[in-house]
Amino acid sequence: MVSLNPIRILKHEADEEKGETARLSSFVGAVAIGDLVKSTLGPKGMDKILVSHGRNAGQVEITNDGATILKSIGVDNPAAKILVDMSRVQDDEVGDGTTSVTVLAAELLREAEKLIELKIHPQIIIAGWRKATQVARDALTAIAMDNRQDLLNIARTTLSSKILSQHKEYFSKLAVDAVLRLKGSGNLSAIQIIKKTGGTLEDSFLDEGFLLDKKVGVHQPKRVENARILIANTPMDTDKIKVFGSRVRVDSMAKIAELEVAEKEKMKDKVNKILKHNCTVFINRQLIYNYPEQLFADAGVMAIEHADFDGIERLALVTGGEIVSTFDNPEMVKLGHCDVIEQVMIGEDTLLRFGGVALGEACTIIIRGATQQILDEAERSLHDALCVLAATVRESRIVYGGGCSEMLMANAVQTEAAKTPGKEAVAVEAFARALQTLPTTIADNAGYDSAQLVSELRAAHSQGRNSMGLDMEIGRIGCMKELGITESFVVKRQVLLSASEAAEMILRVDDIIRAAPRKREQDRGRC
C-alpha cells in the first residue's frame, strides 16, 4: 500500500517556501527595502536617524546615504539582502547612486509582481527586461558627452542631495581641487579626510600636505626639515615573558633590579638598531614607552607613537617608505622622505603636518562642523563626490541629471515596446514604467505634483528636447544644460545594469530553503 503523506527530506527545523509563496516573499522583502530608502532620493530627500544597539548602544547617525542606511539595518529576508549587497557594490564601484539603484531594482520587482499576477512566466519577463536594458544602455551611451571640464557641475550635482547642499559651491571646488591633484591616477588613498569638531562647515579647507592627528614625544624636536622617516609596526614597551601561566621567582630585591636592567638593555639595543637606519623621524603603529622615548629624545629623533593602521599605511604611501617590523638589515629598508614636518593648530588640537611629501598629489581635507553627526555625514557626502569625480576623470563622459537620463531611457524603451511582438512587449513596457519612477520620486520628495511634472517631462522628451529635466528649486521642468546639472555616465550606467541584474536574479527564484539552526552542544569540559 502506497502512503499518500508528503515525504519530508529536510531536517526537522529546516523550512521551505515554494513557487508563488517564495516569489511573493522575495518581492515583499525587496519592495520594502526600496520603500525604506525611497524618501531620501533627490535634492529634497529626507534624512534617517540610525540608533545603534549592542556594543555601540546609543550611538546616533543622521544620514540620507542609501548605502549607509542599508548597511546599518539587519535584514532577514534573502531578497532584501541581495539589494543591500547591491547598494554596497555600487558604493564601492562608483561611490554614488546607491539610493537610485535600490529604488530602481525595487520598482522593477513591483512591476514584475503585477505581471506574475497576469500569469506571465518569469522567463518571458526576464527576456523583455534584457531587451529593455540593452535599449536603455544604448540610449544612455548615445547622449553621453565627453566633457572633462565639467567636473565642478558633476560635484555640485552629487552634493546637491547631501548635507553639504547649502555649501555645494565651496565643497565642489574643494573636491575638484583634491581630485585634480591626483593628476589622473584616481588613487583616492592619497586624499586623507580629517574631522575636527568646532567652527562651521565653511571653515573646512584643503591642505597640500599630509596631516597626522598625533603629538610628538616629550623633549623631542617639534620641527624637522628634510626628514628621513622610518615607519614601523613593532612593540616598543618592555618585553614581557609571553608564556601563559609562567612565573619568575627571585629570592631578593637585587635580582628584580637585575631583571629590570636586563630589560632596559634589551630595549636600548633595539633603539640603537633603529637609530642605525640614520632616520630623523620614527613613527610606530604601537605604543612607545617612556624609556625608549627618552632614548629617541637624547638622539634628537622625533618619535611618534600609536599611529593607527590606516595612518601608517597612508603615510607609507605618500612618503614613499615601507612599514618594517625588524631592524637587523638597515641597508634593505626603504625610508620615507618629506621636506618638513611641523606642528599645526586646528581648532584646539595640535596635529603634525608633513609638507613636500614624495607623492606630490597627496593632500588632506579637514572638515569642521558643530557636532560629530554633521562631521560624519559631511565625510560621507565628500567621499561620494570624490569617488564620482575620480570615476569621471578615468571615464570622462557625462549625462544630464534631474531625471533627464531616466526619462530619455524610458522613452527609448517605450518605443522599443511598441515594436516588440508577443508578451515580451508587456515586460519591456514595465521596465519603462520602473525607470519613470525615479523622476516621479524626486518630485514627490520635494513636495511637488509629480504626475504633472513627469507628464510634462515625458512630452518634452517626445518632442525631441532631450536636455529637459526637473528643476527642483522652482518645481518646474527646465533645461539641464543651462542649469549645469550633469552626472557621471559611469554612475548612471552602473545604476541601470546593477538594478536590472539584481531584479532578474530575484525574479528567477521559485524556492527558498532555510537551513535548520545549528544546535549548541553542551560543553562537557575536559575528560
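Preceding this section is the structure that the text describes.
Residues numbered from 1 in each chain as written. Predicted model: local features only at pLDDT ≥ 70, side-chain atom pairs only at ≥ 80, totals over all residues. Heavy atoms only, no water.

S.K.: Tell me about the sheet that holds strand E4 (residues 145–146), residues and numbers included.
M.R.: Pairing within the open sheet is antiparallel, and its 3 strands lie in the order E4-E15-E18. The outermost strands of the open sheet, each flanked by one partner alone, are E4 and strand E18 (486–488). Where E4 and strand E15 (residues 397–400) come together, 2 bridges link them in antiparallel fashion. The residue bridging aspartate 146 from the neighbouring strand is arginine 397, located in E15. Strand contacts of helix H16 (residues 489–507): E15 and E18, with the helix running at about 65° to E18, the strand carrying the most contacts. (Pairing = 2+ DSSP bridges. Helix = DSSP H or I, 4+ residues; strand = E, 2+ residues; numbered from the N terminus. Contact = heavy atoms within 4.5 Å. Axes fitted to C-alpha atoms, helices over the stretch in contact; angles between N-to-C directions.)

S.K.: Describe in detail the environment of isoleucine 126, supporting the description with residues and values.
M.R.: Here isoleucine 126 shows up in helix H5 (residues 122–143). As a C-alpha pair, isoleucine 126 and glutamine 463 span 337 residues in sequence and 30 Å in three-dimensional space. With near-sequence residues (within four places) excluded, isoleucine 126 lies in contact with Glu504, Leu507 and Arg508.

S.K.: A description of the pattern of salt bridges should follow, citing residues and the corresponding values.
M.R.: Where charged atoms from two side chains of opposite charge come close, those side chains can pair. Enumeration over the complete set of coordinates arrives at 30 salt bridges. A salt bridge links aspartate 177 to lysine 173; the nearest nitrogen and oxygen atoms lie 3.4 Å apart. Of this pair, aspartate 177 and lysine 173 both sit in helix H7 (residues 168–181), 4 residues apart, roughly one helical turn. Taking relative accessible area as the criterion, aspartate 177 reaches 30% and is therefore assigned partly exposed. If you follow the salt bridges from partner to partner, you end up with Asp207, Arg223, Glu225, Glu342 and Arg353 in one network. (Salt bridge = Lys/Arg side-chain N within 4 Å of Asp/Glu carboxyl O. Buried < 20%, exposed > 50% of the residue type's maximum accessible area, 1.4 Å probe, protein only.)

S.K.: Break down the pairing of strand E9 (residues 281–284) for me, citing the residues and quoting the values.
M.R.: Side chains Val281 and Ile283 project from E9 onto one buried face, and the interleaved Phe282 and Asn284 project onto a second face that is buried too. Note that strand E8 (residues 224–232) and E9 share 4 bridges and pair parallel. Each residue of the ladder has a partner; that of isoleucine 229, found in E9, is valine 281. Here E9 runs beside strand E10 (residues 302–304); their pairing, made up of 3 bridges, is parallel. In the strand pairing of E10, phenylalanine 282 is matched with alanine 303. Following the chain from E9 across helix H9 (residues 290–298) to the adjacent parallel E10, one finds a crossover that is right-handed. (Right-handed = clockwise from strand over helix to strand, strands pointing away.)

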